[in-house]
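Structural overview
In case you want the letters, here they are:
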Amino acid sequence: MVSATNLGFPYVGAKRELKKLVESFWSGKISEADLISGAHQLQETHWKVQQEQGIEQIPSGDFTFYDRMLDTACNFGIAPQRYQHIQNPLEQYFAMARGLQKAATATSEKVDVPAMEMKKWFDTNYHFIVPEFEPTQKFELKTARVVEQFKRAKALGINTRPVVVGPVSFLHLGKPAKGFEEFNTLDLLPKVLPAYVELFKQLEAAGAEWIQVDEPILVLDLESNVKLAFEKAYKTLAGATQVKTLLTTYFGRIDNNVFIVKDLVDGIHLDLARNPEQLEAVLPLLNDKQILSLGLVDGRNIWKNDLNKSLDLAEKAVAALGSERVLVAPSCSLAHSPYSTAFEKKIKAENPELFSWLSYSVEKCAEVATIAKALNGGRASVQAELNANAADLESRRTSKQTTNPAVRERVAAVPAQDYKRANAFPHRREAQVKKLNLPLYPTTTIGSFPQTKDIRVARQKYTKGELSQADYDIFIKEEMKRVVEFQEKVGLDVLVHGEPERNDMVEHFGHLLHGYGFTENGWVVSYGSRCVKPPVIYGDVSRRCPMTIDEIVYAQSLTKKPMKGMLTGPVTMMKWSFVRNDIPAKDLCTQIALALRDEVVDLETAGIPCIQVDEPAIREGLPLRRQDWDAYLDWSVGCFRLSTAGVRDETQIHTHMCYSDFNDIFDAIQALDADVITIENSKSDEKLLKIFERKQYTNEIGPGLYDIHSPRVPSVEEMKTRFADMLKYLPKHLLWANPDCGLKSRGWPEVEAALINMVEVAKHFREQDSA
Ligand SMILES: [Zn+2]
């Protein structure tokens, strides 16, 4: 019999219960015992929900208070030195996750430790805690949460499949501790394996038959030493216990890492939602005992599965292996998808058609179960479900909400010349110099100014209907006026309106575009207890109306200095949303680019001389395999250019990137052909600047002069040093002075002090130059 299985569940809960629990614990409102019993209840609910949906192999150990990589580190007793004096294990765990500050008391010393580093989990918007290792690292199995969770489920009569982070991914995704940068974390494999063997033995003793071992790095390009580590690790683990290992990969294709299939594990899970072609490649490689887990239901999106299409693929696997050796599963852990559509009452009432296309985690479990049923009893045994599914898919395919012929025609007929400015940068620069009349080292900011409590309160009142449109507009105008006057006073050269009307750089525009929808409960964890609720792109995208003209034109009317129009770029508008999966990403991005292009042209027509199109997500969108980079960069850079190239030479196009680590995509950044780029530079010292020794950036550039992520005000001297560093690497006529990111999260006093110092620095170098 084919089994319906799951790899992981949205542990945060239906209504973000876990968030509330841990945050109450952090603020001292509930005790450790309350936190733990609350978490137990939540896990129990989640196991039962999955069971009710027809999942036969339910995961345990996928629940975490903060992050599973951090859990793994703590399970093996790996706390960096700086946290080791914290006695209480849970307090130590959260200190590693988010830092800890405690004043001294009569019985304890003062504690002040920062959090460990976070990194993005592959190409998701989830961030994991990066484990730190020393060359002499000891691994010792402590109380493993996965064993405890397995036992608790068993006591409830639920036989689960425990989930662990595999040893090779664990070491490879970790980093050497400070001071040991030269050592390779994989050298620790012989030391970590005994701890894993002990863990497997404990799970075996508790009654586990299978263990799900997550090794997601198998979808990356791996060096030969990593491959050797896999062979060594899985030979050791296979010989140590009778318990069977299901090795799971997801988010991509295993491709040239397919060696892992050969006799090393008892079963393998493949992401067939992303890469269905893997099935054909892997089937002939399995030995006659190995099982195959088919990742058919996309765990990364919110759309209903095409059940018939999944069955076409699954039937091939069953034909080749027999039903005993096939599992059906989501493509990856469902923690990357929201909880259940049952809580989307608003969409259900207001847009029932859109609602009928949605499937969150609970519904995805049911889809997995239906596929398994069809494989066991024939498609006819679930005919009603298949018919309903086909009808929903057909409604989506043919709906006026998804397809706008005018948009489609426009995308199909974009002339090649629309992808580039009429003239090259040197020529444009002449026109811009003449028009803008800016001093050497022009000063500007990235766009947002402090979002104060007043602004948040006004927005809330407005959303609730307690503040009228007219009153809200007056309020926003007052805010803009304050920001413009402030910038005049400080002496900045290119001004911004401050973005008081925006809550978020994607959602704000989503409301002004056709094709975007908004959920009530579409939450997914971003890191720790922090969740995000991305907008949903379900239809062809076009502007509902001009999006920013009123605000920017008003702001420009308050000053003689040039005002920057502010937009979010097409790649970011797409990457930070749940995107439709019924058209290629490139086509969707082109639709957004065209909508933005119209806005950019309208801003120019309205007399706005500078327009900034932010693209912070362009780098995080890079495919996991290097081989796929060129194709991605080609269309993503193309879409940025399409959105910005409709203006005259004298209109200055700016862009901003929230990172400095762009050495590997330098050529793509140059190819954006923005007239001015502002980038983060604050934390990387001269690392960013070093690239300009090897590569020439030909357009204007403003590497961040100071770090806005900290409330500290940098001194004039400090920024002078940094600016002098920049002048070593970059031609002076191309250099701008600006902070490294938007000022939204900062308070007014520090913003004022820092910007006054920054303007002073630009002035100093200008005077030095003319002397
Ligand atoms: Zn930024």
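Residues numbered from 1 in each chain as written. Predicted model: local features only at pLDDT ≥ 70, side-chain atom pairs only at ≥ 80, totals over all residues. Heavy atoms only, no water.

Pairing is parallel across the open sheet formed by eight strands, whose spatial order is 1-14-13-12-11-10-8-2. Looking at the sheet topology across the chains shown, the edges are occupied by strand 1 (3-4) and strand 2 (58-60). Of the strand pairs in this sheet, strand 10 (residues 210-214) and strand 11 (residues 244-248) are connected by five bridges, and their pairing is parallel. Bridging across to strand 11, Q212 finds its partner in L246. On top of the sheet, helix 10 (residues 307-321) reaches strand 13 (291-297) and strand 14 (326-330); it is set at about 175 degrees to strand 13, its chief contact. (Pairing = 2+ DSSP bridges. Helix = DSSP H or I, 4+ residues; strand = E, 2+ residues; numbered from the N terminus. Contact = heavy atoms within 4.5 Å. Axes fitted to C-alpha atoms, helices over the stretch in contact; angles between N-to-C directions.)

On to the UniProt feature "binding site: 5-methyltetrahydropteroyltri-L-glutamate" (unreviewed entry) in the protein, then. Listed under "binding site: 5-methyltetrahydropteroyltri-L-glutamate" (unreviewed entry) in the UniProt record, and renumbered for this structure, are K19, N125, R530, C531 and W576. Positionally, N125 belongs in the loop between strand 5 (118-120) and strand 6 (127-129). Looking at where R530 falls in the secondary structure, it is placed in strand 17 (residues 530-532). Note on R530: relative accessible area 43%, which makes it partly exposed. The residues contacting R530, other than those within four sequence positions of it, are K19, V524 and V525. (UniProt positions renumbered as here; feature names shortened; annotations may be inferred. Buried < 20%, exposed > 50% of the residue type's maximum accessible area, 1.4 Å probe, protein only.)

Turning next to the nonpolar core. Counting residues in hydrophobic clusters, the biggest one holds 133 residues, and the most contacted among them are F65, F139, F170, F230, Y234, I260 and L292. Broken down by element, the residue count for this core peaks at ten residues, all from helix 7 (residues 189-206). Apart from the residues within four sequence positions on either side, F170 is in contact with M69, T72, A73, F76, I78, P131, F133, F139, V165 and Y196. Core analysis: the second largest hydrophobic core is formed by 92 residues, V411, L492, W629 and I653 among them. (Core = buried A, V, L, I, M, F, W, Y, C linked by side-chain atoms within 4.5 Å.)

The next subject is the UniProt feature "domain: Cobalamin-independent methionine synthase MetE N-terminal" (unreviewed entry) in the protein. The feature "domain: Cobalamin-independent methionine synthase MetE N-terminal" (unreviewed entry), as annotated in UniProt, sits at residues 4-317 in this numbering. Secondary structure within residues 4-317 divides into 38% helix and 15% strand; the distance between the first and last C-alpha atoms comes to 15 Å.

Glancing now at the coordination of the zinc ion. The protein atoms that coordinate the zinc ion are H656 (NE2), C658 (SG) and C741 (SG), at distances of 2.1 Å. Linear spacing of the donor residues for the zinc ion on their chain is H-x1-C-x82-C. Taken together, the residues C658 in the loop between strand 21 (652-657) and helix 24 (666-671) and C741 in the loop between helix 26 (716-729) and helix 27 (748-770) connect sequence positions 83 residues apart. For C658, a relative accessible area of 31% corresponds to the partly exposed category. (Donors = N, O, S within 2.8 Å, 3.2 Å for Na, K, Ca; no water.)

With the rule as written, the count across this model stands at seven cavities of 30 Å³ or more. Roughly 150 Å³ of internal volume is contained in the largest cavity. In terms of lining residues, the largest cavity is bounded by 15 residues, among which T72, N75, V146, V163 and V164 are the most central. If you tally residues by element for the lining of the largest cavity, the top one is helix 3 (residues 68-75), at four residues. Across the lining of the largest cavity, the residue classes tally to eight nonpolar, four polar and three charged. (1 Å grid on protein atoms, 1.4 Å probe; cavity = no way out; pocket = protein on both sides within 12 Å on 5 of 7 lines; lining within 4 Å. Points joined across faces, edges and corners; volume = space filled by probe spheres on them. Nonpolar A, V, L, I, M, F, W, Y, C, P; charged D, E, K, R; others polar.)

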